2 protein chains.
Amino acid sequence: MPATFYPWLANSTSMGPTKKQDSTTAPAVSMADLARELGVSMTTVSRALSDHHSIGAVTKQRVLKLAKKLNYQPNHLAAALRKGQSRLLGVVVPYIEGKFFPSVIQGIEQAASKAGFSVIVCQSHEDVLLERRNVETLLNAQVAGVLVSVARNTQDFHHFDKVRSRGIPLVFFDRIPPTEQVNSVVLNDQEGGLQATRHLLEQGCRRIAHLAGPQHLNIYKHRKQGYLDALAAFGIPVDEELIIYSDMSQEEGAAAARKLLMLPNPIDAIFAAGDSAILGALQVVKGQGIRVPHDVALAGFSNEGFTAITEPQLTSVDQRCDEMGHAAVRLFLELTATPATPFAQRQVVLQPELFVRESSLQLATLQQSI
Amino acid sequence: MPATFYPWLANSTSMGPTKKQDSTTAPAVSMADLARELGVSMTTVSRALSDHHSIGAVTKQRVLKLAKKLNYQPNHLAAALRKGQSRLLGVVVPYIEGKFFPSVIQGIEQAASKAGFSVIVCQSHEDVLLERRNVETLLNAQVAGVLVSVARNTQDFHHFDKVRSRGIPLVFFDRIPPTEQVNSVVLNDQEGGLQATRHLLEQGCRRIAHLAGPQHLNIYKHRKQGYLDALAAFGIPVDEELIIYSDMSQEEGAAAARKLLMLPNPIDAIFAAGDSAILGALQVVKGQGIRVPHDVALAGFSNEGFTAITEPQLTSVDQRCDEMGHAAVRLFLELTATPATPFAQRQVVLQPELFVRESSLQLATLQQSI
DNA sequence: CTACTTTGCACAAACGTTTGTGTAATAACA
DNA sequence: TGTTATTACACAAACGTTTGTGCAAAGTAG
């Protein structure tokens, strides 16, 4: 297939040879070209294209038509430079793996592109230093807004002050600064913990263990609180023996399960604050010949992809990842619309959704329902 | 916590009040500010910062020092505008889900940020129209390069001509245009198919079925070819009955397995060109009480996350996702370094790696090795 | 017919860089 | 001492937009 021809190349800018002698490089057509061709000023062209009221209808049409014909492509850089802000949206996440962050990014990209913004992503790799540098990078790129899920060990949040001080909308999602008053969109983790635990209770379980995550992270604290709330609602006393803390890894989930199964008073369910942990637990439980969900029911958190392919499939709380991306962008758009409000930051709380699967459907319940 | 103070705000630009009366907005310090402060020209400042040879060592030091002190942040937009190219790298992928694309993006982001580029991602959602618009968007953002994995149904590749005609490096990865001569980085799918099948043969399997994907897609064609090559290398005749074509979904994988298990002459292994298909097959095989790998060995392609958590764990060919991202960026960097070469496009072929797991480890072999 | 508003457009100055050219001063060489 | 390199910097013109201001012409009200 031969290289595409650009016939209009000959007509345009006949003043001297092109800058670079590279024959493959086609010059971009600018507003000046349109203005010259139409015999009007650049002002008129610019205002016609942005539908300014001070331009007559006929002139607008002439400009638009020629723009189409010459395939005029606006140089966003120049516009951004002049206006001091671009159509770019900066996103900082710890990493792009697993299910959660890719899905959120997917949601962000979708909503942003609908609003005419492009998304530029950075990873902090859970490193505050990198996170700081990412923010600088984004500011240098003159982004119109910054969406952040902070690194795990970030304690100092001063690098975000620069964003605010430049008047750039700043939205945190999922992982938000614990102390400060910020714009944020988070999941209602407590509600999620409540839903899962209540579901287990409704299935007839009465001795429900909880695999809890690091309590200095809000999400895990809230999930545990939901667990406690559900127990309280059913009038079941909390047995601290049944709450095991871990880093939520598959290995520690397995270890926790082993410990739980050795208790003299046997458990009949486990709710883990993470899917990896419940997966580890599942493997241990099955390995000991204990039937799931017949003897022990299981429920996790995050609704990871693998929950639908284990045997039995795992009940889990869905985090509404794409919805979180959408919400973050929506919040950003609202912030750009309204003038900067240093105080009165906005919070959006998403409601989780429990996906009930085999691992928590008690046969007893099934029989009852027949 | 009070808003951060900017004491130097009082000293700088004492000519009139600030543009906007927004007290929260801090002005960015520009090269002009540095120049004025030091009593030199902007030229000097600019060249000092970019380490130009025509600037004296002492002057350079003075400039650098003040830049640090005032926390000067270069406006990349302005530089990009002047130089006609930014430090942005555009990426177009079909979607950001599953394992593959997020991992590749992760690799791209890593390599790009190391080279001082930011990454801006777009999704085509497998839609040529969106893909086309994405490319326009990226061009408007004045990206320095474009990295693309084309949509499934893209047949017309003219929208990429614009990229080339502007002299912007264009690299395709994984999903590349079949007909054209392009810069690309792909996996050696044939080698992957060969490795997996050969492995099954070495485990003692002799009647190996193949779940093939749509043959109009190169990746699936190549994987099948690898399968055929391996059989040929072992002098085993091809039985067309054992090759089943599908869309590689879990459902069709299951259906294919059902069909295969009904053959009068029983099979002893299945190699699927995708992990979802082999997962479907695994479930059917187990459901019929057939032991894996004892009676039938299984191997898939992509090394998805779930291959390590099925029972038994699934052998699969790893696609070196992050390596693909790195390679794509490397290729882009090489292209920017060398002047545009319309012909003689470069190809990079990555070697896959077989991850052997339980689903293909024959007991017979284990016993032999004792 | 005058005074005032609206409409439609042009002029020119920004935005913050980069860079070709000019030009002193100093150094090197014959 | 005169000629040429070299060093170190300044001037000013770009890059492609946006936008405040100015200024006619046309419309409207008195």
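Values in this document were obtained by computation on a predicted structure and should not be read as measured data.

S.K.: Sorry if this is basic, but what is going on with the overall build of chain A here?
M.R.: Summing up its helical and strand segments, chain A has 13 helices and 12 strands in all. Long-range contacts, defined as pairs at least 24 residues apart, comprise 71% of the intrachain contacts of chain A with a sequence gap of at least 6.

S.K.: How do you make sense of the environment of Gln203 of chain A when you look at a structure like this?
M.R.: Looking at the secondary structure, you find Gln203 of chain A in the loop between helix 8 (189-202) and strand 6 (208-212). Note: C-alpha distance between Gln203 of chain A and Leu187 of chain A (16 residues apart in sequence) is 25 Å.

S.K.: Help me understand the relation of the copies chain B and chain A in this model?
M.R.: What relates the pair of chain copies is a rotation about an axis plus a shift along that axis. Under the fitted operation, chain B is carried onto chain A by 0.0 Å of movement along the axis and a turn of 180°, and the coordinates agree to an RMSD of 0.1 Å. Within this description, the copies of the chain are treated as partners about a two-fold rotation axis. Every residue of chain B has its C-alpha some distance from the rotation axis, and the shortest such distance is that of Ile120 of chain B, at 2.1 Å. Of all interface residues in chain B, 94% are interface residues in chain A too; the two copies therefore contact each other through one and the same surface.

S.K.: Where do I start with the sheet that holds strand 12 (residues 353-355) of chain A in this structure?
M.R.: Neighbouring strands of a sheet are bound in pairs by backbone hydrogen bonds; such pairs are parallel or else antiparallel. Residue and element names in this part refer to chain A. As summarised here, the arrangement of the six strands in space is 7-6-8-9-10-12, forming an open sheet in which the pairing is mixed. The sheet is open, and its two edges are formed by strand 7 (243-245) and strand 12, each paired on a single side. Recorded for the sheet is a direction-independent mean angle of 20° between the axes of neighbouring strands. Packed onto the sheet, helix 8 meets strand 6, strand 8 (269-272), strand 9 (297-302), strand 10 (315-318) and strand 12 and runs at close to 165° relative to strand 9. Relative to strand 9, helix 11 (residues 275-287) is tilted by about 155°, and along the sheet it contacts strand 6, strand 8, strand 9 and strand 10.

S.K.: How should I be thinking about the interface of chain B and chain A in this particular structure?
M.R.: In this complex, chain B contributes 49 residues to the contact, which on the side of chain A involves 48 residues. Elements represented by at least two residues in the side of chain B that touches chain A include exactly helix 4 (76-83), helix 5 (100-114), strand 2 (118-123), helix 6 (128-140) and helix 7 (161-165) of chain B. Here the side of chain B that touches chain A is built from residues that sort into 21 nonpolar, 20 polar and eight charged.

S.K.: Looking at this model, I keep getting lost on the pairing of strand 10 of chain A. Mind explaining?
M.R.: All names here are of chain A. Note that strand 9 and strand 10 share four bridges and pair parallel. Of the residues in strand 10, the one forming a bridge with Gly300 is Ser316. Bridge count between strand 10 and strand 12: three bridges; the pairing is antiparallel. Bridged to Asp318 within strand 12 is Glu353.

S.K.: Could you clarify how one ought to interpret the protein's contact with DNA strand D in this entry?
M.R.: Around DNA strand D, 27 residues are found, and the nearest of them are Met31 and Ala78 of chain A together with Ser41, Thr44 and Gly56 of chain B. Secondary-structure elements contributing two or more residues to the surface near DNA strand D are helix 1 (31-38), helix 2 (42-49) and helix 4 (76-83) of chain A together with helix 2 (42-49) and helix 4 of chain B. Per-element tally for the surface near DNA strand D: the top contributor is helix 4 of chain A, with five residues. Residue composition of the surface near DNA strand D, grouped by class: 12 nonpolar, 11 polar and four charged.

S.K.: Before we go on, may I ask you to explain helix 4 of chain B in this structure?
M.R.: In an α-helix, one turn spans 3.6 residues; hence positions three or four apart end up facing the same way. Listing the buried residues of helix 4 of chain B in full gives Leu77, Ala80 and Leu81 of chain B. Each buried residue of helix 4 of chain B lies within a common arc of 100° when the element is viewed along its axis, so the set occupies one face. Turned more than 90 degrees away from the buried face of helix 4 of chain B, the exposed residues are Arg82 and Lys83 of chain B. Here the buried face of helix 4 of chain B lies against helix 4 of chain A. Backbone geometry just downstream of helix 4 of chain B places Gly84 of chain B in the positive-phi region, at approximately 75°.

S.K.: Looking at this model, I keep getting lost on the environment of Val238 of chain A. Mind explaining?
M.R.: Residues and elements named next belong to chain A. Examined against the element boundaries, Val238 turns out to sit in the loop between helix 9 (218-233) and strand 7. For Val238 and Leu81, which are 157 residues apart along the polypeptide, the C-alpha to C-alpha distance reads 60 Å. Ignoring sequence-local partners within four residues, the contact set of Val238 consists of Leu228 and Leu231.

S.K.: Any chance you could explain the protein's contact with DNA strand C here in plain terms?
M.R.: Inspection of the region around DNA strand C gives 27 residues, with Thr44 and Gly56 of chain A together with Met31, Asn75 and Ala78 of chain B positioned closest. A breakdown of the residues in the surface near DNA strand C according to their chemical character gives 12 nonpolar, 11 polar and four charged.

S.K.: Explanation requested: the packing of helix 1 of chain A against helix 2 of chain A in the structure shown.
M.R.: The angle between the axes and the distance between the axes are what describe a pair of packed helices. Residues and elements named next belong to chain A. Where helix 1 contacts helix 2, the axes come no closer than 8 Å and their chain directions differ by 110°. When the interaxial angle is binned, helix 1 and helix 2 end up roughly perpendicular. In terms of crossing hand, the pair formed by helix 1 and helix 2 is right-handed. Residues Met31, Ala32, Leu34 and Ala35 of helix 1 pack against Met42, Thr44, Val45 and Ser46 of helix 2.

S.K.: What should I look at first to understand the sheet that holds strand 5 (residues 184-187) of chain B in this one?
M.R.: The strand order across the open sheet formed by 12 strands is 11(A)-5(A)-4(A)-3(A)-1(A)-2(A)-2(B)-1(B)-3(B)-4(B)-5(B)-11(B), and the pairing between neighbours is mixed. The sheet terminates laterally at strand 11 (347-350) of chain A together with strand 11 (347-350) of chain B, the two strands that pair on one side only. Each adjacent strand pair in this sheet contributes to an overall mean axis angle of 20°, direction not counted. Bridge analysis of strand 1 (residues 88-93) of chain B against strand 3 (residues 145-148) of chain B gives four bridges, and the strand direction is parallel.

S.K.: Teacher, can you tell me more about the packing of helix 1 of chain A against helix 3 (residues 57-69) of chain A here?
M.R.: Residues and elements named next belong to chain A. At a minimum axis distance of 10 Å, the contact between helix 1 and helix 3 shows a crossing angle of 120°. Relative to helix 3, the element helix 1 lies oblique. For the pair helix 1 and helix 3, the crossing hand works out as right-handed. Between helix 1 and helix 3, the contacting residues are Leu34, Glu37 and Leu38 on the first element and Arg62, Val63, Leu66 and Ala67 on the second. Partitioning the contact of helix 1 with helix 3 into residue classes produces five nonpolar, no polar and two charged.

S.K.: Help me understand helix 6 (residues 128-140) of chain A, please; the structure alone is not making it clear to me.
M.R.: End to end, helix 6 of chain A covers 18 Å across 13 residues, agreeing with the expected 18 Å (1.5 Å per residue, within 8%). The complete set of buried residues in helix 6 of chain A reads Glu131, Asn134, Val135, Thr137, Leu138 and Leu139 of chain A. On the buried face of helix 6 of chain A, the contacting elements are strand 1 (88-93), strand 2 (118-123), strand 3 (145-148) and helix 7 (161-165) of chain A together with strand 2 of chain B. Of the residues one or two after helix 6 of chain A, Gln142 of chain A is the one with positive phi, at around 60°.

S.K.: What's the story with unusual backbone geometry in this structure? I'm lost.
M.R.: Negative phi characterises most residues that are not glycine, and trans characterises most peptide bonds. The peptide bond linking Val292 of chain B to Pro293 of chain B adopts the cis configuration, its omega dihedral lying at 5°. By the secondary structure assignment, Pro293 of chain B is in the loop between helix 11 (275-287) and strand 9 (297-302). In this structure, Pro312 of chain B follows Glu311 of chain B across a cis peptide bond, with omega equal to -5°. By the element assignment, Pro312 of chain B lies in the loop between strand 9 and strand 10 (315-318). In this structure, Asp51 of chain A is a non-glycine residue whose phi angle is positive, near 60°. With respect to the helices and strands, the residue Asp51 of chain A is situated in the loop between helix 2 and helix 3.

S.K.: Is there a simple way to explain the nonpolar core in this structure?
M.R.: In summary, soluble globular proteins display a tendency toward joint burial of nonpolar side chains. Counting residues in each nonpolar core, the largest one holds 92 residues, and the members touching the most others are Val91 and Ala328 of chain A together with Val91 and Ala328 of chain B. The residues contacting Val91 of chain A, other than those within four sequence positions of it, are Ile105, Ile108, Val119, Ile120, Val121, Cys122 and Leu147 of chain A. One finds Ala281 of chain A together with Ala230, Leu242 and Ala277 of chain B within the second-largest nonpolar core, a separate group that totals 84 residues.

Each value, and the rule that gives it
Residues numbered from 1 in each chain as written. Chains lettered and ligands numbered in written order. Predicted model: local features only at pLDDT ≥ 70, side-chain atom pairs only at ≥ 80, totals over all residues. Helix = DSSP H or I, 4+ residues; strand = E, 2+ residues; numbered from the N terminus. Contact = placed C-beta atoms within 7 Å. Least-squares fit on C-alpha atoms with pLDDT ≥ 70 in both. Pairing = 2+ DSSP bridges. Axes fitted to C-alpha atoms, helices over the stretch in contact; angles between N-to-C directions. Nonpolar A, V, L, I, M, F, W, Y, C, P; charged D, E, K, R; others polar. Near = placed C-beta within 6 Å. Buried ≥ 20, exposed ≤ 12 C-beta atoms within 10 Å, placed from the backbone. Arc of directions from axis to C-beta. Parallel < 35°, antiparallel > 145°, perpendicular 65-115°, else oblique. Left-handed = near helix turned anticlockwise from the far one by under 90°. Expected span 1.5 Å × (residues − 1). Core = buried A, V, L, I, M, F, W, Y, C linked by C-beta atoms within 7 Å.

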